[in-house]
Amino acid sequence: MDPWSWISELPNSDEWNSSDSPLVFQLASFNPGRDKRSTRSIQLRASNTGDPDSVTFSVCLVGFESADTEKTLWVSETCPLSSENPFLPLVLQILQDIVSRSPTAHDSTCPRSQLQQLKPEPVSWTMDSHSPESFSGFFNIIFLMRLFWLCVFDAPSEAGFLYFHHLLAPNLDSFTSKHGHILRTFFVSVGVDVELCFMRTLGYILAKWLILREVGVGLQTLTPVPPYNLGFSYALESHGLWVLKGYSPVWGMRHAQVSGQKDPCSLAEPKEPILRYALAHQLLEALVQLEYTIKFTDGFILVNAHVDNIRIHVGRLGFGRQEGGDFADERHFPSRIRVWVGPEVGSTFVGSVSLGRSTDNVEREIELQRVLKGSFGKRKAPKVKATARTAMRTKMKNWRWDQDAEGNSAVFDAVLCDNTTGIEVATWRPPVGGGQQDGNNFRKRYSGASRAFTKSGGLVFAGDECGDEVAWRLSKEMEGSVLKWRVGCQVCLTYWPSEGRSSYFENRCVEWCEEVDLPLIVGKW
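Residues numbered from 1 in each chain as written. Predicted model: local features only at pLDDT ≥ 70, side-chain atom pairs only at ≥ 80, totals over all residues. Heavy atoms only, no water.

## Things to note about the packing of aromatic side chains
Two aromatic rings, taken as a pair, are described by how far apart their centres are and by the angle between their planes.
Logical step 1: A complete count under the given rule lists 29 aromatic pairs for this structure.
Logical step 2: The interplanar angle of 65° and the centroid separation of 4.9 Å between the aromatic rings of Trp-4 and Phe-135 together place this pair among those described as edge-to-face. Of this pair, Trp-4 sits in helix α1 (residues 3-8) while Phe-135 sits in helix α5 (residues 132-153), and the two are 131 residues apart along the sequence. Pair check on accessibility: Trp-4 and Phe-135 agree, each one buried.
Logical step 3: Note on Trp-401 and Phe-461: the rings are 5.0 Å apart at their centroids and 85° apart in plane angle, and the pair reads as edge-to-face. A residue pair is termed long-range when its members are at least 10 positions apart, and Trp-401 in strand β15 (residues 399-406) and Phe-461 in strand β17 (residues 459-462) qualify at 60 residues. No difference in accessibility class separates Trp-401 from Phe-461, as the two residues are buried.
Logical step 4: Three or more aromatic residues joined by ring pairs form one cluster here, namely Trp-4, Phe-57, Phe-87, Phe-135, Phe-138, Phe-139, Phe-143, Phe-186, Phe-187, Phe-198 and Tyr-234.
Logical step 5: Arg-508 extends its terminal NZ or CZ atom over the ring of Trp-251, reaching a point 4.5 Å from the ring centre. (Phe/Tyr/Trp six-rings, centres within 6.5 Å; stacked < 30°, edge-to-face > 60°. Helix = DSSP H or I, 4+ residues; strand = E, 2+ residues; numbered from the N terminus. Buried < 20%, exposed > 50% of the residue type's maximum accessible area, 1.4 Å probe, protein only. Lys NZ or Arg CZ within 6 Å of the ring centre and 35° of its normal.)

## So, the environment of Asp-53
Logical step 1: Here Asp-53 is to be found in the loop between β2 (40-47) and β3 (54-62).
Logical step 2: On the basis of relative accessible area, Asp-53 is assigned to the partly exposed category, the value being 47%.
Logical step 3: Along the primary structure Asp-53 and Pro-80 are separated by 27 residues, whereas in three dimensions their C-alpha atoms are 6.1 Å apart.
Logical step 4: If near-sequence neighbours (up to four positions away) are discounted, Asp-53 is found in contact with Cys-79, Pro-80, Leu-81 and Ser-82. (Contact = heavy atoms within 4.5 Å.)

## Regarding the side chain of Thr-126
Logical step 1: Of note, Thr-126 is situated in helix α4 (residues 120-128).
Logical step 2: Of the polar contacts made by the side chain of Thr-126, one reaches the backbone oxygen of Pro-122; its length is 2.9 Å. (Polar contact = N/O pair within 3.5 Å; in protein donor to acceptor, adjacent residues only side chain to side chain.)

## Overview of the nonpolar core
Logical step 1: Formed by 89 residues in total, the largest nonpolar core has its most connected members in Phe-57, Phe-139, Tyr-163 and Phe-198.
Logical step 2: Considering every element that reaches this core, the biggest residue donor is α5, with 13 residues.
Logical step 3: When near neighbours in sequence (up to four residues on either side) are disregarded, Phe-57 contacts Trp-6, Ile-7, Leu-10, Leu-44, Arg-45, Ala-46, Trp-74, Val-75, Ser-76, Cys-79, Phe-87 and Leu-90.
Logical step 4: Membership of the second largest hydrophobic core comes to 55 residues, among which are Ile-294, Leu-483, Val-487 and Leu-520. (Core = buried A, V, L, I, M, F, W, Y, C linked by side-chain atoms within 4.5 Å.)

## As for the state of the cysteines
Logical step 1: For the structure shown, the criterion picks out 1 disulfide.
Logical step 2: Between the sulfur of Cys-492 and that of Cys-509 lies a disulfide, 2.4 Å long from S to S. Across the disulfide from Cys-492 to Cys-509, rotation about the S-S bond amounts to roughly 100°, and the bridge is consequently right-handed. Taken as a pair, Cys-492 in strand β19 (residues 482-495) and Cys-509 in strand β20 (residues 506-519) lie far apart in primary sequence, 17 residues in all.
Logical step 3: We classify Cys-492 as buried; its relative accessible area is 10%.
Logical step 4: Owing to a relative accessible area of 5%, Cys-509 belongs among the buried residues under this scheme.
Logical step 5: Free of any disulfide, Cys-489 has its nearest neighbouring cysteine sulfur in Cys-492, separated by 9.6 Å. (Disulfide = S-S within 2.5 Å.)

Okay, structure coming up:
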């Protein structure tokens, strides 16, 4: 599917100047029987409305009620072909529709109702700064997202079937980091609020597809599980920071094996359908910020980096608290976070990497008290009684942090542990029914003074928690060049019942790795 190429060629088309009827681009079609007249299709149409210097687009359904019936679902604003950027109104309108229909993730301080109209300048700059082939992939993404609301909510159920089977499923690779470069440009230009609305809309769409595929509405045989991560990630260098952002629908993350489980793919599904619905409508939002500095010496270049912020949030995707019922507050929580940073693989200009945190050498305080009692009377043998009492104190945190090195990459590793027993949460299996066992309990984990997460289910690590900085010594010959540095992150999520009663549990993981720039320019530092 490549509607953008078709749209771009309209002003130069001979058919456009010679025909009064709308031009048609077939988006998808389906024939449930042998009769050709029973074909049902979704079409994108272009009409000049009597003015050859302007065009209006529309999305139409054909043949859903009867062979000759047509239904218009959506009409665009007029696009002036004589302008410098004739199709900017079309792209701007689609993006505005996507943002305005974004589901809520939690009690946001900036709900979508407060977002103003998108400014045309950032969108126009995104269109002009990329090749037609690159922008075509971006347009396919936003057009598929807009079609979701039209075909699934504003059309007969058969149109939704056609959308999921013949439009979304064949183009799932569009919703991966394959188009991360242009998405990064777009997100940086429009701001983080629009970015969140955009990605939550995308997460909601993918959640619906994953649910339909799971319950077996004809999608399991037609579309196998994608071998890649659904969602997007991108990284950039900004004001002395390396920033990595990642988004992934939780239900699309791969299962992770836990202790005592031989096959991670043979997991039982939640017995409660409403719990399955609540867990499927979740989006993982991750941000990693690393602050770096560069120091030039006579013999080498010293690059230092430390974790500035790690922010993880698992947001609910919906349009009201009634979605999810008694399990509305159930969600996954992060149980392991692994961040790595270092030069690109195969680099030979790195002399050494130095870590800034030692492996924990746990300190325990032991108090020993001895009491000796004796009596010397007229007895033949003196009476002596001795007692001893020992007390031991150990301080334990919910999160254990370690630093390690893999080749020339520094690794920051955080593991969630039970602060009573020290057991790693991701390796523990809760008892049937969600009760307590051996002191391990993460029920009601978003309330209380000793909770390991924010009230909204998020997690924030600042630099004071992640250990000291790491350092690389580079060859002096690299001065003046711009190197590629890798930043990666793996997030593992765990689900145990929090408020509801259920025996279901699982672990899921996702991993991202992107490249950022390291400018070794003397004047910049």
